[in-house]
Every structure is written in structure tokens, then in C-alpha cells.
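# Summary of structural features
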Amino acid sequence: MQKTKVIVGLGSCGIAAGAGKTYQKIEELITAEHLDVELARTSCVGMCYREPLVEIHDESGVYLYGEIDENRAVELVDKHINQHSPVKEYLVQTDLFATPDDSFVKDQVKITLRNCGMIDPEKIEEYEARGGYKAAGKIAAEKLTSADVIKTVLDSGMRGRGGGGFPTGLKWKFASGYQSDEKYIICNADEGDPGAFMDRSVLEGDPHSVLEGMIIGGFAIGASHGVIYCRAEYPLAIKRLNIALDQARAKGYLGDNACGIAGFCFDIHIKEGAGAFVCGEETALIASVEGRRGMPRKRPPFPAESGLWNKPTNINNVETFAGIPWIVLNGAEAFARYGTEKSKGTKVFALAGKVKRSGLVEVPMGMTIRDVIFKLGGGIKGDKKFKAVQMGGPSGGCIPEYLADTIVDYDSVTATGAIMGSGGMVVMDETTCMVDVAKFFLDFTRKESCGKCTFCRIGTKRMLEILERITQGEGKPSDIDELIDLAQQIKDNSLCGLGQTAPNPVLTTLRYFRDEYEAHINHKKCPAKVCKPLLTYTIISDKCTGCTVCARNCPTNAISGQRKAPHTINQDACIKCGMCFSKCKFDAIELS
Amino acid sequence: MRINRIAKNHDQSMLPSPDLSVIEPLLARYKGRKGSLIPILQGVQEMLGYLPAEVFKKISDETGIAVSELYGVATFYAQFRLNPVGKYIVKVCHGTACHVQNATAVTEALEEALGVKDGQTTPDGIFTLESVACLGCCSLAPVMMIGDETYGKLTGTEAVKILKNIRIRESQSAAD
């Protein structure tokens, strides 16, 4: 008889949703009731919208349950394990019959995320059992040369998954071409794009795939040192990377003759970032690893020639490295089979915002944005109207609903004015104000500008001031032209990607939602009802019971009326704080 | 650009001078190693909770790194604090997903309940309120993090309730 196995998803988002308590509860129950059950842990399965997730494998099949808190865990153990009767209400997926959640997984192709949610990330044996370190082993066994490996990566068509989209093989070729006594390979794990969390999930869920990718990259370019530059905000990722590094060293995957490759000495260290978005830029990242302010410098020389400690250096993103072992093991053609002409393979997207199913999805390049949001994501929360999707974070832009049939590949997304970026997809509905979104990103880039280039440092501040005025109802008709002019100057006169792309959120919203800007400026209205100074609060007299709660809470005494009679708001005294709206129990306050 | 300076009006004399000898083993460990400036500052902050003005001189004396360089790095990165913080740092996420799901309301409710502005510490030294960029838990937006604990799908009222419970716990343990 097969022993029943219970697996709890313990990624950062699972833990945030309470998976740690669920795990503890199940553990207690197993001990207390002397159950013959194996309890295991894994990381993010991608279905963040149903966290905490618990998977039960027994002789009848595989059952994935969602939203299992402590109480439900008790119920699950009692019904499923003790009484052998699966609990249908909490079931997300099973191999026995179809469920609505199947559409979230059906069209996904998992290459980068191949092990995420499948293995215990703290056990190297589980990674090895799924083909781990076989790609590096293949290099040793077949005596592949660095040129062979680079050719495979080139042929696969893999492009940098961090956002730039530069062909990875080409980058490796450049770095391998420079002679030096020392070379470095760096993994950029400084995932700073608000709205993107795929790198965190990969590091937490499958750290060894990143290490193996770095080992292969290190071999290809002739490096002996690897550095993982990881955000300090990801403590769990750092913890699991450290465990993985110790295990890999103990097993000889790192060190002298790493992975059995004769004469290849390679080790990896972690550098914790200290919180600066600009450090995602290669030269700024290098400055930060060296212990300086993370400010970009002029290129050339490119890092491939002179990078960390002035030695040839190659930098790739987490997702890129995680895909490399798969490519080396399965061959370039297997990867290039997926995708479009110029963007091969698959891409991981972090679906978030006003979408029903938020989480991580990996789809072949070439799927339409609409399919990602509606087929996989299940559509818009509360069945509201889909308005736009923000791609590429602060460097990207908002793609409107009518362009949702754009396919996801580097060039098609760039043509809309947004960028592929690291793969954040923040979905927005009719209640999102596009001017407010533009202001949000500008505020972010303004804070994160390193200050080196005048146009980026001061220009973003000036743009932000204009946007603040517009959202406060003090916009001027000349503001739009001034925004466009400033945007162009910032793009033209900034050294690095941060400045060159900082105006994108404003430019794309202006391009697709100019009418919203005009409504704010000319009519002093916020169509999405977000910008508070542009709203009017009124009391619907039919619904008002005269309970006086609003009047008592109004900070400016703008509300008056007799007890048990409809109240009114004096618009001249109203400061639009929204207090009455949030306090009213009868939905009697109307926003317009 | 972020502006981050040691507050001028901050009455340093009111605070007990932190015991700087605790950082000596750390400095000894990193002494002479290249690229160790950021790990040193991170380690010191871990021990003292922030980077007091006196500490720059001490690190400089021990490692030979110029004070200007130390201060330049400490003011560049968001992680470093130049002023003392509360026992609990309440990090309210203002990433894109949290922003479109009204993280502002969470911060506003906390500001009102605690009587401090974003970035400030309550007079009793228990809470420091902070807005942070993406915590990477976008599917649970809006999110806040206190210590290692993350709280998701918040409203202003719920966030205030969570803090109230912490404060009750604190006053109970103080009474014990």
C-alpha cells in the first residue's frame, strides 16, 4: 500500500497566507493521532490565489486543496486521511476529474518553473531526482567545450529574461572572448520591479536550478567565481540559497573539478543588496557588489570586457539561469520549438492586480495577453470591466484593452510602448485611474533615481509635480505638452535604462488614455473615482437613516441634519477625506 | 533621489549612547576584505537597529574606509537607517499590485491610529511606520510586513486591529 503523503506549499506568499500554521497543525495532528502519513514541504506552485495549498497523494490519486487554514486542515485530516473521503469544497485540482482551476494550468509549459512546487527546495536529492545537475554532468561526460555550450545556448534563441532581451548566448560569447586571469559570473537577483515576483519564487522553490545555470555559464565563459546579488527583502530566498550552496559544495558540484568537469574550479557566493532599484542595471550592480554607491557608469567598456574588479564579467537574471540546465540537457531545438520567430521558449509572468487568479504562470512566447489574463487568469475580479494591463514595471507601460490581442514576445510588447521587462503583469480595471498609475510609477522612479544624470534626477521630479497637480484638480491645459517634452528630454539625456525608460508609464498612458488626463485637467473629474480632490461626496437622502455617525466623524463639521432625518454635506466645507464614506453603514454616501 | 540624512533636530543626548564595542568582532572579520563596506553596515545595523552617527567614525578608524564613503553608501541605499527605530517596523507595501488595491488607505489608517506620519516612530518607541516598495507577495495585495510576519488582503481597519493586538501583547509583557 502506498503511504499517504501530505505536501504543504511553503513559499513566501504561502507563508504570508498562513501556510506555516497549516503545516504545524497537520504535524500536530499526525503526531497526536499516530497517523501513518509522510508530511513534506514544497514551495510556490504558482496558484497564489488559492494559498495556503495542501496536496495529498494517496493510493486513490493526487488531490490539491486550496485555502486550507488551521481549521480546514483539521477537517481535511479527519475526512480525507481518516475517513478516505476527499473534501470536494476545497479541492483545486486532482488527476481524477476536471475542475474549473484546470484552465489555469492547461496551457502552461513549465521549463523555468519545472521544479517549483514539485520538490522540497531544501533537499538536493529531490532536485537530482528530477534531472538536476545532469546538464552540468553532461558537459563532463561528453567532454563538451565552452564553445559547444555557447553554441547550444545561442541556437536555443534564449534572450535575457531580466527585461533587456539580449541574446544570452551572444553575451556569453563576448565574455568568453576576453582573456583574463580571473572572470566573474553574476546572477542578478535584485528583482526590484514592483509587481514582479517570479525570481523570488524560483529562488525559493528551486535554488539549485539557478546554481546549476551559473555553473554552466561559469564554465562557458571561463569564470571561477560566481556571485548572486540578491535583494535583502527576500530573506527566505537567501536562506534557501545558502542551504543549496552548502549542499552543492558537499556533493562536489561546486569547488575543484566542479560537477566532475576536469580542471574547472568554481564557487558561488551571495551578496545581499541593500535596497536600490537602480542596482538592477549591470554597471550599478557591479558598483554595489564592490561596496560602493550603486551608480551606473558609461559603457563601453561593457562588463564583458571590464566588470567586477575590472575583470571580464557576465551578468544574467535568475530566470535565465534557471532555464539554462533544461536547454543544455534537452537541446536547443527543444527550447526553440516554443515561441515566436524572434522570441523563443517560454516566459514566466507574475499575474497580479485586479485579476481573479493571481499567481505565477509560464507560457510559450506568442500567447496573447488576453489569453493570459482571461484563460489562465480567469478574468477580472468582480467581473468588472478590463481596462489595461501594466507590463514591465516602472520601465514599462500600460497596454489598453483594445490591444490585448498583442502576443507576448519581446518585439510585439515593445511596439505598444510597454516592455516585456521581467514579466510583471498588473491587471487594471475600470476603477483604476491611469493618471494615478502614471503618478505612482513616476514617484517610484523619482525616489530610485541615483541622481547622477540631471535629467533623470530633476526631470522625474518635475514630471511628478505636474502629475500631482493634475490629480489634485489643478492641472493646466499646457501640462500634457510639458509632460511629453520633459519625457523626451529625460529619455535622451539619461545614461542608464532607469532614466531612459522612466517616462514610459506616462507616455503610454498619455498615448492610450489621453481622455482621462483631459478629464482631470479640463473638467476636474476623475473618471475612475480615485483622485480624491476631484470627487464630490453627497448623501442619498432615501438611504440616510439619520444615525448621525457621519456628522460625528466629519473632521470639518461639514455634515448637518437632525437625528433620524436625512443629512446633507456642505460642499464648501468638505475636504474630501472620505471619512463619511467609510463610516456610513447604510451605503448612503455617494461618490461622483 | 532618496534624501536620507541624520536628523538635525534629533536630540541625541536624550538617548543612551549605544555600546559600540559590540561591533568589534564584525569589523575584525571583514577587515582588509575588499567589497565589504555594505556587509559591514548591514551587520552593524542588525546589531544596533540603526546606524548612529558615532559608528561611522569608529568603522572608519578600524577599517581605514573614509567616513565620506561610508556615509555616501549609507545614505544611498533604502535599507540603512540613520535614526533610531521602534521595536516593531511596520512595512506597508506600496508595490504596483498593492497600490491599485488601495495600499494608500492602509497607510492612512495606520497614520491616524498611531498618530505618526510615514517614516516616523511612535513616541513610546514601539512602532515605526514605513512605506516600502514591492514585498513580492502581490497575490495577497495589499500587504504589510511586521518582523518576519506578513499580513495580506488588508483593509485599513484590519491593519489597525493587528497593531492594537501587538500593543496589548506589549503592555501585558511589560506588566508581567
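Here the residue numbers are simple positions, counted from 1 along each chain's written sequence. To read the labels, note that chains go from A and ligands from 1, taken in the order they are written. Residues qualify for local features only when their pLDDT is at least 70, as the model is predicted, and side-chain atom pairs are given and counted only at 80 or more; totals for whole chains, interfaces and linings, by contrast, use all residues.

### Digging into the overall build of chain A
- When helices and strands are tallied, chain A shows 24 helices and 18 strands.
- For chain A, whose C-alpha radius of gyration is 27 Å, the value lies close to the compact-globule estimate of 25 Å for 592 residues.
- With the C-alpha coordinates aligned to their principal axes, the bounding extent of chain A is approximately 85 × 70 × 40 Å.
- The long-range fraction of contacts in chain A, counting pairs at least 24 apart against all pairs at least 6 apart in sequence, stands at 71%. Helix and strand definitions here come from DSSP, where helices need a minimum of 4 consecutive H or I residues and strands a minimum of 2 consecutive E residues; each element is numbered from the N-terminal end. Only the C-alpha atoms count toward the radius of gyration. The rule for a globule is 2.2 Å times the residue count to the power 0.38. Contact between residues is assigned whenever the C-beta positions, reconstructed from backbone atoms, fall within 7 Å.

### Focus: the packing of helix H10 (residues 207-221) of chain A against helix H13 (residues 318-330) of chain A
All names here are of chain A.
- Orientation is described by axes fitted as lines to C-alpha atoms, over the contacting stretch for helices, and by angles from 0 to 180 degrees between their N-to-C directions. Closest axis-to-axis distance for the H10/H13 pair is 7 Å, and the angle between their directions is 75°. Taken together, H10 and H13 sit at an angle that is classed as roughly perpendicular. Residue-level contacts link Ser209, Val210, Glu212, Gly213, Met214, Ile216 and Gly217 of H10 to Val318, Phe321, Ala322, Ile324, Pro325 and Val328 of H13.
- Amino acid classes used here: Ala, Val, Leu, Ile, Met, Phe, Trp, Tyr, Cys and Pro are nonpolar; Asp, Glu, Lys and Arg are charged; the rest, including Gly, are polar. Residue composition of the contact of H10 with H13, by class: nine nonpolar, three polar and one charged. Roughly parallel means an angle under 35 degrees; roughly antiparallel means over 145; roughly perpendicular covers 65 to 115; every other angle is labelled oblique.

### Brief notes about the sheet that holds strand S8 (residues 267-272) of chain A
All names here are of chain A.
- Should DSSP find at least two bridges between two strands, the strands are taken to pair. With parallel pairing, four strands are arranged side by side in an open sheet as S8-S7-S6-S9. If you trace the sheet from one side to the other, it starts and ends with S8 and strand S9 (313-317), each paired once. Neighbouring strand axes in the sheet, compared pairwise and without regard to direction, differ in orientation by 20° on average.
- Its contacts with the sheet put helix H11 (residues 235-250) on strand S7 (225-230) and S8, and the angle it makes with S8 is roughly 165°.

### Let's talk about the domain arrangement of chain B
- As far as domains go, chain B holds domain 1 (15-76) and domain 2 (88-175).
- Distance from the C-alpha centre of domain 1 of chain B to the C-alpha centre of domain 2 of chain B: 29 Å. Here the bounds of each domain stem from an automatic or database domain assignment.

### Considering the environment of Pro394(A)
Residue and element names in this part refer to chain A.
- Within the element layout of this structure, Pro394 appears in the loop between strand S12 (386-391) and strand S13 (397-400).
- The exposure scheme places C-beta atoms from the backbone and then counts, for each residue, the other C-beta atoms within 10 Å of its own, assigning buried at 20 or more, exposed at 12 or fewer, and partly exposed in between. Among the residues examined, Pro394 registers 27 C-beta atoms within 10 Å and is labelled buried.
- Residues Pro394 and Tyr410, 16 residues apart in the sequence, show an inter-C-alpha distance of 17 Å.
- Sequence-distant contacts of Pro394, that is, excluding residues within four places in its chain, are made with Asp193, Phe441, Phe444, Thr445, Ala502 and Pro505.

### Here we look at the interface of chain A and chain B
- Tallying the contact residues gives 42 residues for chain A and 31 residues for chain B.
- Breaking the side of chain A that touches chain B down by element, the ones donating at least two residues are helix H1 (12-16), helix H12 (282-289), strand S10 (346-353), strand S14 (424-429) and helix H17 (434-448) of chain A.
- Ranked by the residues each element gives to the side of chain A that touches chain B, the list is headed by H1(A), at four residues.
- Classifying every residue of the side of chain A that touches chain B by side-chain character gives 19 nonpolar, 14 polar and nine charged.

### Regarding the environment of Ile369(A)
Residues and elements named next belong to chain A.
- Structurally, Ile369 is set in helix H15 (residues 369-376).
- Along the primary structure Ile369 and Val408 are separated by 39 residues, whereas in three dimensions their C-alpha atoms are 6.3 Å apart.
- If sequence neighbours within four positions are ignored, Ile369 has contacts with Val389, Ile399, Ala404, Thr406 and Val408.

### A word on helix H3 (residues 70-82) of chain A
Residue and element names in this part refer to chain A.
- By definition here, a helix of n residues has an expected span of 1.5 Å times n minus one. When the terminal C-alpha atoms of H3 are compared, their 17 Å separation across 13 residues agrees well with the 18 Å that a helix rising 1.5 Å per residue should span.
- Taken as a whole, H3 has its buried residues at Ala73, Leu76, Val77, His80 and Ile81.
- Packing partners of the buried residues in H3 comprise strand S1 (4-9), helix H2 (19-32), strand S2 (37-42), strand S3 (54-58) and strand S4 (61-65).
- Just past H3, the residue His84 takes up positive phi, approximately 55°.

### Some words on the sheet that holds strand S4 (residues 149-151) of chain B
All names here are of chain B.
- Strand order in the open sheet formed by four strands is S2-S1-S3-S4, with mixed pairing between adjacent strands. Where the open sheet ends on each side, the last strands, each with one partner, are strand S2 (127-132) and S4. The sheet shows a mean angle of 20° between the axes of neighbouring strands, taken without regard to direction.
- Bridge count between strand S1 (residues 88-93) and strand S3 (residues 144-146): three bridges; the pairing is antiparallel.

### Some details on the nonpolar core
- What makes a nonpolar core is a set of buried Ala, Val, Leu, Ile, Met, Phe, Trp, Tyr and Cys residues, with links drawn between C-beta atoms within 7 Å. Among the nonpolar cores identified, the biggest contains 218 residues, and Ile215(A), Ile216(A), Ala350(A), Val372(A), Val389(A), Val143(B) and Met144(B) are the most heavily contacted of them.
- Contact partners of Val372(A), with chain neighbours within four places excluded, come to Phe349(A), Val361(A), Val363(A), Met367(A), Gly377(A), Val408(A) and Met425(A).
- Among the nonpolar cores identified, the runner-up in size contains 10 residues, and Ala558(A), Cys580(A), Cys584(A) and Ile589(A) belong to it.

### Points about the domain arrangement of chain A
All names here are of chain A.
- Split into domains, chain A comes out as domain 1 (4-100), domain 2 (124-336), domain 3 (346-429), domain 4 (434-522) and domain 5 (536-591).
- Domain 2 and domain 3 are separated by 27 Å when their C-alpha centres are compared.
- With 14 residues of domain 2 in contact, the opposing surface of domain 3 contributes 18 residues.
- Class assignment for the residues of the side of domain 2 that touches domain 3 results in four nonpolar, five polar and five charged.

### Notes on unusual backbone geometry
All names here are of chain A.
- Residues Arg299 and Pro300 are joined by a peptide bond in cis, for which omega reads 0°.
- One can find Pro300 in the loop between H12 and S9.
- That bond from Pro300 to Pro301 is cis: its omega, 0°, falls within 30 degrees of zero.
- For Pro301, the location among the structural elements is in the loop between H12 and S9.
- Although it is not a glycine, Lys576 sits at a positive phi angle of roughly 60°.
- Note that Lys576 resides in the loop between strand S17 (568-569) and helix H24 (579-583).

### Quick notes on the confidence of the model for chain B
- The pLDDT score gives, residue by residue, the confidence of the prediction method on a 0 to 100 scale. Averaged over all residues, the pLDDT of chain B equals 88, while 94% of them reach at least 70.
- Here the complex is predicted with pTM 0.92, and the ipTM for its interfaces comes to 0.89.

### Some thoughts on the packing of helix H7 (residues 146-156) of chain A against H10(A)
Residue and element names in this part refer to chain A.
- With their axes 8 Å apart at the nearest point, H7 and H10 run at an angle of 120° to one another. Viewed along their axes, H7 and H10 adopt a mutual orientation that is oblique. In this structure, H7 crosses over H10, and the sense of that crossing is left-handed. Residues Ser146, Val149 and Ile150 of H7 lie in contact with H10, whose contacting residues are Ile216, Phe219 and Ala220.
- When the residues that make up the contact of H7 with H10 are grouped by side-chain class, the tally is five nonpolar, one polar and no charged. For any pair of crossing helices, the crossing counts as left-handed if the nearer helix is rotated counterclockwise from the farther one by less than a right angle, and right-handed if it is rotated clockwise.

### With respect to the pairing of S10(A)
All names here are of chain A.
- Extensive coverage of S10 is indicated by the burial of eight of its eight residues.
- As paired strands, S10 and strand S11 (residues 359-364) are joined by six bridges and run antiparallel to one another. Looking across to S11, one finds that Ala350 is bridged to Leu360.
- Hairpin geometry of S10 and S11 is characterised by an intervening segment of five residues between the two adjacent antiparallel strands.

### Focus: the environment of Leu82(B)
All names here are of chain B.
- Mapping Leu82 onto the fold places it in the loop between helix H4 (67-76) and S1.
- Expressed as a C-alpha distance, the spacing of Leu82 and Ala53, which sit 29 residues apart in the sequence, is 7.4 Å.
- Leaving out residues up to four positions away in the same chain, Leu82 has contacts with Asn4, Arg5, Ile6, Tyr50, Leu51 and Ala74.

### As for the pairing of S12(A)
Residues and elements named next belong to chain A.
- Within S12, six of the six residues are buried, leaving the element largely enclosed by the surrounding structure.
- As judged from the five bridges shared by S12 and S14, these two strands associate in the antiparallel manner. Bridge pairing links Met391 to Met425 in S14.
- In terms of strand pairing, S12 meets S13 through four bridges, oriented antiparallel. Within S13, the position partnered with Val389 by the bridge is Ile399.

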